[in-house]
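A closer look at the structure
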Amino acid sequence: MYAFPSRAWEREKWPDMGGSEQNKITNDTDVSLDASVTVLAGVGPKRAEQLAGLGIVTVEDLLLHLPRGYEDRRNFATMGTVEVGAEVCIRGEVVSSRNQRMRGRQNMAVLKVRDETGEMTVTFFGRGFMAKTVFAPGKTGVFFGKVEKYQGMALKNPEYEMLAGDAEDALHVGRIVPIYGLTEGVSQRFLRKLIMDALDRVTGVVGEVVPESLRTRVGWSNRDGAMRMVHYPETLEEAQGARAQFAYEELLLLQLGILIQRQVEASRGAGIVHMVNGPLLVGLHGQLPFSLTEGQERVISTVLADMASAGSMIRLVQGDVGCGKTVVALHAIAAALDGGYQVAMMVPTEILAEQHGVNLAGYLAPLGVEVAVLTSRRGDAKGVRTGLASGTVRVVVGTQALIQAGTVFGNLGLVVVDEQHRFGVEQRAKLVSKGHYPDVLQMTATPIPRTLAITVYGGMDVSVVRGMPPGRLPVKTRQIPEGKLDDLYVYLREQVDAGQQVYMVCPVIEMNEESVLRSVEEHFEELSTGALHGVSTALLHGRMEPEDKAAVMSAFKAGDVAVLFSTTVIEVGVDVPAATIMVIENADQFGLTQLHQLRGRVGRGGEQAYCFLLGQARTDEGQARLDTLCTHTDGFRIAEEDLLQRGPGEFYGAKQAGLSDLRVADLIRDAAVLEEARRDAGLILSADPGLKAKHHRGLRGRMVGMGRVRH
Ligand code: ADP
Ligand code: MG
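Residues numbered from 1 in each chain as written. Chains lettered and ligands numbered in written order. Predicted model: local features only at pLDDT ≥ 70, side-chain atom pairs only at ≥ 80, totals over all residues. Heavy atoms only, no water.

Observations regarding the overall build of the chain
- Along the chain, the regular secondary structure elements total 23 helices and 21 strands.
- Counting only contacts in the chain whose residues sit at least 6 apart along the sequence, the fraction spanning at least 24 positions is 74%.
- In the structure as shown, the chain presents an accessible area of about 30800 Å², 52% of it carried by carbon and sulfur atoms. (Helix = DSSP H or I, 4+ residues; strand = E, 2+ residues; numbered from the N terminus. Contact = heavy atoms within 4.5 Å. Areas by Shrake-Rupley, 256 points an atom, 1.4 Å probe, with all protein chains shown as cover.)

Details of helix α9 (residues 279–286)
- Within α9, the full set of buried residues consists of Leu280, Leu281 and Leu284. Along the axis of α9, the buried positions cluster into a sector of 100°, meaning they face one direction only. Among the exposed residues of α9, those oriented more than 90 degrees off its buried face are Pro279, Val282 and Gly286. (Buried < 20%, exposed > 50% of the residue type's maximum accessible area, 1.4 Å probe, protein only. Arc of directions from axis to C-beta.)

Regarding the sheet that holds strand β16 (residues 476–480)
- Here six strands make up an open sheet; going across it, the order is β16-β21-β20-β17-β19-β18 and the pairing parallel. With partners counted over all chains shown, the strands left at the sheet margins are β16 and β18 (537–540), one partner each. Across the sheet, the mean angle separating the axes of adjacent strands is 20° when strand polarity is ignored.
- One ladder, built from four bridges, connects strand β17 (residues 501–505) with strand β19 (residues 563–566); its direction is parallel. Bridge pairing links Tyr503 to Leu564 in β19.
- Helix α19 (residues 592–599) contacts β16, β17, β20 (579–584) and β21 (610–614) of the sheet and is inclined by roughly 150° relative to β20. (Pairing = 2+ DSSP bridges. Axes fitted to C-alpha atoms, helices over the stretch in contact; angles between N-to-C directions.)

As for the packing of aromatic side chains
- Applying the stated rule across the entire model yields ten aromatic pairs.
- Where Phe124 meets Phe135, the ring centres are 4.5 Å apart and the plane angle is 10°; that geometry is what we call stacked. Of the two residues, Phe124 is situated in strand β4 (residues 118–125) and Phe135 in the loop between β4 and β5 (140–149); the sequence distance between them amounts to eleven residues. Across this residue pair, the class does not change: Phe124 and Phe135 are buried.
- Members of the aromatic cluster, joined through ring pairs, are Phe124, Phe135, Phe143 and Tyr160.
- Lying over the aromatic face of Phe190, Arg47 brings its terminal NZ or CZ to 3.7 Å of the ring centre. (Phe/Tyr/Trp six-rings, centres within 6.5 Å; stacked < 30°, edge-to-face > 60°. Lys NZ or Arg CZ within 6 Å of the ring centre and 35° of its normal.)

Examining the site of ligand 1
- The immediate surroundings of ligand 1 are formed by 16 residues, with Gly322, Lys325, Thr326, Arg472 and Asp575 found nearest.
- One nitrogen or oxygen atom from the main chain of Gly324 is found 3.0 Å from an oxygen atom belonging to ligand 1.
- At 3.0 Å from an oxygen atom of ligand 1 is found a side-chain nitrogen or oxygen belonging to Arg604.
- About the coverage of ligand 1: the protein hides 86% of its 570 Å² of free accessible area.
- Of the residues belonging to the shell around ligand 1, the class tally is six nonpolar, six polar and four charged. (Near = heavy atom within 4 Å. Polar contact = N/O pair within 3.5 Å; in protein donor to acceptor, adjacent residues only side chain to side chain. Nonpolar A, V, L, I, M, F, W, Y, C, P; charged D, E, K, R; others polar.)

Some remarks on the pattern of salt bridges
- This structure, assessed with the given rule, holds 24 salt bridges.
- The closest approach of N and O atoms between Arg74 and Asp72, which form a salt bridge, is 2.9 Å.
- Taking relative accessible area as the criterion, Arg74 reaches 26% and is therefore assigned partly exposed.
- Between Arg618 and Asp588 there is a salt bridge whose closest N-O contact spans 3.2 Å. Of this pair, Arg618 sits in the loop between β21 and α20 (620–631) while Asp588 sits in the loop between β20 and α19, and the two are 30 residues apart along the sequence.
- Salt bridges here are not isolated pairs; linked through shared partners, they connect Glu71, Arg73, Glu161, Arg189 and Arg192. (Salt bridge = Lys/Arg side-chain N within 4 Å of Asp/Glu carboxyl O.)

Here we look at the state of the cysteines
- Under the definition given, this model contains zero disulfides.
- In this model Cys611 remains outside any disulfide bridge; the closest cysteine sulfur is found in Cys630, 7.9 Å from its own.
- A residue is classified by how much of its surface remains accessible, and Cys611, at 0% relative accessible area, is buried. (Disulfide = S-S within 2.5 Å.)

Considerations on the side chain of His331
- Following the sequence through the fold, His331 ends up in helix α11 (residues 326–338).
- Judged by relative accessible area, which is 1%, His331 ranks as buried.
- If we ignore the near neighbours within four places in the chain, the residues touching His331 are Leu281, Leu284, His285, Leu288, Leu292, Ile300 and Leu304.

Topic: the packing of α20 against helix α21 (residues 635–646)
- At a minimum axis distance of 10 Å, the contact between α20 and α21 shows a crossing angle of 165°. With respect to α21, the axis of α20 lies roughly antiparallel. Once α20 is placed against α21, the crossing between them reads as right-handed. For the pair α20 and α21, contact is made by Glu621, Ala624, Arg625, Thr628 and Leu629 and by Ile638, Glu641 and Gln645, respectively.
- Along the lines of polarity and charge, the residues of the contact of α20 with α21 split into three nonpolar, two polar and three charged. (Parallel < 35°, antiparallel > 145°, perpendicular 65-115°, else oblique. Left-handed = near helix turned anticlockwise from the far one by under 90°.)

Re the nonpolar core
- Counting 61 residues, the largest nonpolar core has Leu62, Leu63, Leu251 and Leu252 as its most contacted members.
- Looking at this core, the elements with two or more residues in it are α2 (45–52), α3 (59–63), α5 (188–202), α7 (223–231), α8 (236–266), α22 (671–687) and α23 (697–705).
- Of the residues forming this core, the biggest block, twelve residues, is contributed by α8.
- When neighbours within four sequence positions are excluded, Leu251 is seen to be in contact with Leu662, Ala665, Leu667, Asp670, Val673, Leu674 and Ala677.
- Core analysis: the next-biggest nonpolar cluster, separate from the first, contains 42 residues, Leu281, Met313, Ala332 and Ala353 among them. (Core = buried A, V, L, I, M, F, W, Y, C linked by side-chain atoms within 4.5 Å.)

Structural notes on the environment of Glu249
- As for its placement among the helices and strands, Glu249 is situated in helix α8.
- The class for Glu249 is buried, based on a relative accessible area of 7%.
- Measuring from C-alpha to C-alpha, the distance between Glu249 and Val209 comes to 7.4 Å, with 40 residues separating the pair along the chain.
- For Glu249, the residues in contact, after removing those within four places along its chain, are Val209, Val210 and Arg223.

Here's the deal with the pairing of strand β10 (residues 342–346)
- The buried fraction of β10 is high, at five of five residues.
- The alternating pattern of β10 places Gln342, Ala344 and Met346 and Val343 and Met345 on opposite faces, both of which are buried.
- Where β10 and strand β13 (residues 412–417) come together, five bridges link them in parallel fashion. Across the sheet, residue Met346 finds its bridge partner in β13, namely Val417.

Structural data, given as structure tokens:
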């Protein structure tokens, strides 16, 4: 029988583990959590820099660098009895080791390792040079992997760790061993030892963060104990429990920070009490060409209630592409105008500014209100700015030109930000600062999964416009293989002859504006003179003069252009209900959300619309996106898929909300924990808004650290 190493790492012996050796070198005094890692033995400037690469600066950072996994090295498989296909951890002595040359310039290290029950082969591809050093005969190692057949039973490229044969080995074998995320120059062994050392030295000074009542509710141990358990657990369940505890703590702090920020914003000054039964609002309502959907009605009444109240409105209206958010904004605009306030609506593109300008004017001009458009490239910018300053211009739709220093408002009472996800926090704040606590209405068609919304939009109220205007049919989506392109063009001609209108969106193969431009132009030339010869076509891209863009858009809107070749400038907001066909070149180059937005340009009238995705997907992920788009039309469903496929870091707004700083929590895995943290944060603050209570001291300290609360 193989003799397992004795369990020298029993729980009671923790204080002596690993750190004992260090403690002789350094002095034995406790360190504080916010001390720099350089207080730990073995961490000089070079190490500190390497650790900083892992986001580890303080001792607490180090302790919150939780294992990305564990290896159960309590029980080693016996080499004489392993079976092919099993995942095993073996421990044995290297009996022979050689550098085997292979085809080309390749090599591999081939080891024979032995325990008391038998022998196995262990190979490391490309590591031939280590055969006589790291893997030299006589050394003992631990190898973790899946058993294959190769010169007997073998492990190929297993996770491994060679043992030093000293007392420190007890850290690395014979227990459940933490596996950390690493960086250049930092090894597992080094991190394990360093973390163990840190654990020993912070004993007694860890301090609690989560209030006791919450901890006892879920049966959590204290923070000190959890820190040990998460790094050196006795069982995997224990590790999971401790990790969940830190995920909760992290999310609770995040949510508290967001809610406190929000308290501060809400108390910063009295908002405007808008009039919500004035003549313009009534007039607007009376002249709508359609009846509002239930979803629209509901959100409009929420928005108007916000506006009528004394607090400032900070509301996000979220709703799938085409659900009709513009008309919601129009109601808010009419209400603000009724009270004599100015309104600014910011949009991400010039095309959208022009479109909304025309669109809003369609409703407001009959009521006697003119709508101005402000973009930096329009010739009349100066005049519009003068009008805004003097107050003669009452409604303006514009691009970022709105937030330039030269734009001043006389009496800005409502800010609308359309396609909110395209703007940063600062840009929005700048526009808001142009008025005296104006109400803020933001709109986005990018549905964000609930787990993210709670956090990304944690500081605002969110309303969702549910449902679509009646008569909408889901857009039929198909992927068109290379070989069927000619058929597609024939089909497009037929459809155009039958009066349909088509968007052709061109690729973003390289993220280089020049080349995108070239490719859309070439594509336009080629098809206009070739497969679509004789069809009325036009080209649209961001570099065109504003007047030319506006002319092309209005020709398309009027039906004079049948096929519009465009870059992704039409991605958001563009509304031409008669267009029914969307063709997307090299579709696999786009993200899911972007594809969904693009597709949302069609299917806005009552007619069946189609979306064709061209090009072979170059990657499995690319194909997965196309498959998702072909099977789903619901934006929320697609966003969930997107979150699964890409992870939260890529989402708009994720960075600014601090999500990329999360070290422990994972928004997918910990969705339920996030909800719990959100609720608890709300309860804590309603009971103790300033976190002044003694049992909230830990939380308060962290909020001070995050800059959310002053000392
Ligand atoms: P989005 O939410 O994507 O911004 P829009 O506001 O551009 O959508 O509206 C999409 C289209 O639906 C527009 O042509 C608009 O006139 C139309 N629309 C909006 N609300 C209704 C409704 N209640 N009934 C019918 N059509 C509507
Ligand atoms: Mg819109």
